[in-house]
Amino acid sequence: MRILRFFIKLLSFVPALIIMYIIFSFSAQDGTASSMQSYKVTKKIVSTADRMLDLELTEQQTNRCIRKIHYYIRKLAHFTEYFLLAVSVSVPLYVYGIRGIWLVITAGILCSGFAALDEFHQLFVQGRGASVRDVIIDSCGALVGIFIVRILGYITRKTLVEPLCRHKRQNPYPSQHCTSTPFS
């Protein structure tokens, strides 16, 4: 059981590695490909909003909306990528017992450091450049993710884990004492 638990804990970092790979892949796209990809996403958002809200936008109005929000969609993508990275880093750290301010510091340094390295990587990609603003946006997304993990971990611990532990201590037949669980 301990060996299985050890491997499960190790595998808990796989989602973070996958998200890091995805972020790195997006950053490896040249400037034109990256811009076209986010343009397509922006166009899809505008056309979906047009259809859902029955706006009946003309092609000219659609293009104007796309130009207005394209920048913000790109920055929201940065925020979202690092939000997901922070969650995928924070959960395993939490499982390993890193909590409180140490979780914020450890996961924050990992995510912000990766954001800075990713921007540095973009210096070597045609049509791309590094941006301190993007590192700040990435770090903000990461902090939101970290704090959500902290909040959900606290709620889980207080509403599920601790009551279960109390119940096990009151039960005269438990085979084991209450030990830590993923969100304890």
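Figured I'd write up the structure that's included with this text. (Residues numbered from 1 in each chain as written. Predicted model: local features only at pLDDT ≥ 70, side-chain atom pairs only at ≥ 80, totals over all residues. Heavy atoms only, no water.)

1. Some details on the overall build of the chain
In step 1: Within the chain one finds six helices and zero strands.
In step 2: Counting from the amino terminus, the chain carries its helices and strands in the arrangement α-α-α-α-α-α.
In step 3: A globule of 184 residues ought to have a C-alpha radius of gyration of about 16 Å, yet the chain, at 22 Å, is considerably larger.
In step 4: Dimensions of the chain, computed from C-alpha atoms along their principal axes, come out at roughly 75 × 45 × 25 Å.
In step 5: When the 184 residues of the chain are sorted by exposure, 29% land in the buried category.
In step 6: Of all intrachain contacts in the chain linking residues separated by at least 6 positions in sequence, the fraction that spans at least 24 positions is 73%.
In step 7: If the 21 positive side-chain charges of the chain are averaged to one point and the 11 negative ones to another, these points end up 14 Å apart. (Helix = DSSP H or I, 4+ residues; strand = E, 2+ residues; numbered from the N terminus. Rg over C-alpha atoms; globule rule 2.2 N^0.38 Å. Buried < 20%, exposed > 50% of the residue type's maximum accessible area, 1.4 Å probe, protein only. Contact = heavy atoms within 4.5 Å. Lys, Arg positive; Asp, Glu negative; His and termini not counted. Charge placed at Lys NZ, Arg CZ, Asp CG, Glu CD.)

2. Concerning a nonpolar patch on the surface
In step 1: Taken together, the side chains of Leu143, Val144, Phe147, Ile148, Ile151, Leu152, Tyr154 and Ile155 define a hydrophobic patch exposed on the protein surface, amounting to about 690 Å² of accessible area.
In step 2: Turning to its location among the elements, Ile148 is positioned in helix H6 (residues 132–170). (Patch = residues over 30% accessible without salt bridge, like charges linked within 9 Å, V, L, I, M, F, W, Y side chains within 5 Å. Areas by Shrake-Rupley, 256 points an atom, 1.4 Å probe, with all protein chains shown as cover. Salt bridge = Lys/Arg side-chain N within 4 Å of Asp/Glu carboxyl O.)

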